[in-house]
Amino acid sequence: LQQNQSKANEIVQNWAKFVEPEVIVQQSDVLITMPGYSPDVEDLLFNKQKLVSLMREGQIFINHSTSHPLLSRRIQTACKERGVSPLDIPIAGGDILAKSVGSSGAGQSAKVTLLLLLTEKLHAVCEGCLLYTSDAADDLLCVDLGGRRIIIK
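Residues numbered from 1 in each chain as written. Predicted model: local features only at pLDDT ≥ 70, side-chain atom pairs only at ≥ 80, totals over all residues. Heavy atoms only, no water.

Looking only at helices and strands, the chain features 6 helices and 5 strands. When the helices and strands of the chain are read in sequence order from the N terminus, they spell out α-α-β-α-β-α-β-α-α-β-β. The 153 residues of the chain split such that 29% are buried. Look at the contacts in the chain between residues 6 or more apart in sequence, and 62% of them connect residues 24 or more apart. A total of about 10,200 Å² of accessible surface is found on the chain, and carbon and sulfur atoms cover 58% of it. (Helix = DSSP H or I, 4+ residues; strand = E, 2+ residues; numbered from the N terminus. Buried < 20%, exposed > 50% of the residue type's maximum accessible area, 1.4 Å probe, protein only. Contact = heavy atoms within 4.5 Å. Areas by Shrake-Rupley, 256 points an atom, 1.4 Å probe, with all protein chains shown as cover.)

Below, the structure written as structure tokens:
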């Protein structure tokens, strides 16, 4: 489900057909969303487009967004009240993490934790690159690999 026509224009111009999310909800047995942030998820499902109110018994709803864990629990409750099977599957960590994190909302917490850890690692790599490119790095501590230099120690 894409939130609106303007966000879907590039895809539509190349190969797809835009269908209003409300129509997709009415015509589909499985719904998959991946809006960017919690406010986008809330707008799509509860506030602006209110797609949860259009869902029907027997549908499966899969949320791939990185949402606040409390929002994931709200989605689960709202879906179950309508007879919809909700799946909270944020895209991070692969299927092993997804199967092991626990109840609804736990996947979101695990994803945020993973992203924080990865961000810290990326920060360390950037600091290392800055150090290497500075005058503080000694060329004798580096090795040339096909025109690319890496720090040995």
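Under the counting rule described, the total for this entry stands at 0 aromatic pairs. In this structure, Arg74 packs its charged tip against the face of Phe46, placed 3.8 Å from the ring centre. (Phe/Tyr/Trp six-rings, centres within 6.5 Å; stacked < 30°, edge-to-face > 60°. Lys NZ or Arg CZ within 6 Å of the ring centre and 35° of its normal.)

Within the element layout of this structure, Ser38 appears in helix H3 (residues 38-47). Exposure remark for Ser38: the relative accessible area of 17% places this residue in the buried category. Of note is the side chain of Ser38, whose polar atom sits 2.8 Å from the backbone nitrogen of His68. Not counting residues within four places of it along the chain, the set of residues in contact with Ser38 comprises Thr66, Ser67, His68 and Leu71. (Polar contact = N/O pair within 3.5 Å; in protein donor to acceptor, adjacent residues only side chain to side chain.)

The subject of this paragraph is the pattern of salt bridges. Within this structure, the stated rule accounts for 3 salt bridges. The closest approach of N and O atoms between Asp29 and Arg56, which form a salt bridge, is 3.1 Å. Taken together, the residues Asp29 in the loop between helix H2 (21-27) and strand E1 (30-33) and Arg56 in the loop between H3 and strand E2 (60-63) connect sequence positions 27 residues apart. Judged by relative accessible area, which is 31%, Arg56 ranks as partly exposed. In this structure, Lys48 and Asp43 form a salt bridge, with 3.7 Å as the shortest nitrogen-oxygen distance. Residue classification places Lys48 among the exposed residues on the basis of a relative accessible area of 65%. (Salt bridge = Lys/Arg side-chain N within 4 Å of Asp/Glu carboxyl O.)

The next point concerns the sheet that holds E1. The 3 strands are arranged E1-E2-E3 in an open sheet whose pairing can be described as parallel. Single-partner strands in this sheet number two, and they are E1 and strand E3 (85-88). This sheet shows a mean twist of 15 degrees between the axes of neighbouring strands, independent of strand direction. Relative to the sheet, helix H4 (residues 69-81) contacts E2 and E3, its axis offset from that of E3 by approximately 165 degrees. (Pairing = 2+ DSSP bridges. Axes fitted to C-alpha atoms, helices over the stretch in contact; angles between N-to-C directions.)

Residue-level pLDDT values for the chain average 77, and 72% of them are 70 or greater. Averaged pLDDT values for the elements of the chain fall to 52 in strand E5 (residues 148-151) and rise to 93 in H4. (pLDDT = per-residue confidence, 0-100.)

A few words on the nonpolar core. By size, the foremost hydrophobic cluster in this structure holds 15 residues, and its most contacted members are Leu45, Phe46, Val52, Met55, Phe61, Ile75 and Cys79. Looking at this core, the elements with two or more residues in it are H3 and H4. Contact partners of Cys79, with chain neighbours within four places excluded, come to Met55, Phe61, Val84 and Pro86. (Core = buried A, V, L, I, M, F, W, Y, C linked by side-chain atoms within 4.5 Å.)

Right, let's talk about the pairing of E3 for a bit. Sheet analysis places E2 next to E3, joined by 4 bridges and oriented parallel. Residue pairing for E3: Ile62 is matched across the bridge by Leu87. For the crossover from E2 across H4 to E3, the handedness is right-handed. (Right-handed = clockwise from strand over helix to strand, strands pointing away.)

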